[in-house]
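Structural overview
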Amino acid sequence: DEAETAMLEQTHAHDMMMEDQQGEKSLLLTKYPALSNLHVVYDSNSSIEEQTAQALSGLRESCEESIHAAENEWKERVREARKEAQRRADDRAAAENRRREEEEAAEALAQ
C-alpha cells in the first residue's frame, strides 16, 4: 500500500512537472514563434559545435521558408483586397449610373 501511494505521488509529481514544462514551452513559443522551427537531435558522433551549426542552419532554413510563405500569403491577401475594392467601386459606379438613368427617365416622363 505504501509502495502504491509512493508510486501515485511520484506519478503525480511527474505529471505536474510535465505540465510546467509544457506551460514553459507554450510561453516561449508564444514569445518566440520561430523556435517552433528548431529541431535538435543529439548525435554522439558529432561535436557540439557541429550539432549547433546544423541546428541553427535548419532553423535559419525553416525561418526563411516561413517568411517566404508569409510573404506569399500577404501578397495574396493584398490581391484579394484589391479585387474586393475594385468590385465595390464597380458596384458603386453601376448604382450611380442606374440612379442617373432613373432620374433622366423620370424627367423625360415629366415633360
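Our structure's up above, just so we're on the same page.
These lines cover the structure that appears in this document, whether it is placed above or below. (Residues numbered from 1 in each chain as written. Predicted model: local features only at pLDDT ≥ 70, side-chain atom pairs only at ≥ 80, totals over all residues. Heavy atoms only, no water.)

So, the overall build of the chain
When helices and strands are counted, the chain shows two helices and zero strands. The C-alpha radius of gyration of the chain comes to 31 Å, more than 25% above the 13 Å expected for a compact globule of 111 residues. Sorting the 111 residues of the chain into buried and exposed places 5% on the buried side. For the chain, the accessible area works out to roughly 10,100 Å², and carbon and sulfur atoms hold 54% of it. (Helix = DSSP H or I, 4+ residues; strand = E, 2+ residues; numbered from the N terminus. Rg over C-alpha atoms; globule rule 2.2 N^0.38 Å. Buried < 20%, exposed > 50% of the residue type's maximum accessible area, 1.4 Å probe, protein only. Areas by Shrake-Rupley, 256 points an atom, 1.4 Å probe, with all protein chains shown as cover.)

Observations concerning a nonpolar patch on the surface
A cluster of nonpolar residues, L28, L29, Y32, L35, L38 and V40, forms a patch on the protein surface that exposes about 520 Å² of accessible area. Along the chain, the position of L29 falls in helix α1 (residues 2-31). Residue class for L29 comes out partly exposed when judged on its relative accessible area of 37%. (Patch = residues over 30% accessible without salt bridge, like charges linked within 9 Å, V, L, I, M, F, W, Y side chains within 5 Å. Salt bridge = Lys/Arg side-chain N within 4 Å of Asp/Glu carboxyl O.)

Topic: a negative patch on the surface
A cluster of acidic side chains, namely E101, E102, E104 and E107, defines a negative patch on the protein surface. Residue placement: E107 occurs in helix α2 (residues 48-110). With relative accessibility at 51%, the residue E107 sits in the exposed group. (Lys, Arg positive; Asp, Glu negative; His and termini not counted. Charge placed at Lys NZ, Arg CZ, Asp CG, Glu CD.)

A word on the pattern of salt bridges
Evaluation of the coordinates by the stated rule reveals nine salt bridges. A salt bridge links E96 to R100, with the shortest nitrogen-to-oxygen separation between them at 3.7 Å. Here the residue E96 and the residue R100 both occupy positions in helix α2, the gap between them amounting to four residues, near one helical turn. Its relative accessible area of 31% is what places E96 among the partly exposed residues. You can call R100 partly exposed: its relative accessible area is 37%. If you follow the salt bridges from partner to partner, you end up with E84, R87, R88 and D91 in one network.

Focus: α2
Three or four residues apart is the spacing at which side chains of an α-helix point the same way, because the helix has 3.6 residues per turn. Over its 63 residues, α2 extends 91 Å from the first C-alpha to the last, a length consistent with the 93 Å expected when each residue adds 1.5 Å. Of the positions making up α2, those classed as buried are Q51, A55, L59, S62 and C63. (Expected span 1.5 Å × (residues − 1).)

Thoughts on the layout of surface pockets
Computed from the structure, the largest pocket encloses a volume of approximately 180 Å³. Taken together, H39, V40, V41, Y42, D43, S46, I48, Q51, T52, Q54 and A55 make up the full set of residues lining the largest pocket. Grouping the amino acids of the lining of the largest pocket by side-chain chemistry returns five nonpolar, five polar and one charged. (1 Å grid on protein atoms, 1.4 Å probe; cavity = no way out; pocket = protein on both sides within 12 Å on 5 of 7 lines; lining within 4 Å. Points joined across faces, edges and corners; volume = space filled by probe spheres on them. Nonpolar A, V, L, I, M, F, W, Y, C, P; charged D, E, K, R; others polar.)

Observations concerning the side chain of Q51
For Q51, the position within the fold is in helix α2. Relative accessible area serves as the criterion here: at 11%, Q51 is assigned to the buried category. Each residue touching Q51, except ones within four places of it in the same chain, is listed here: V41, Y42, D43 and S46. (Contact = heavy atoms within 4.5 Å.)

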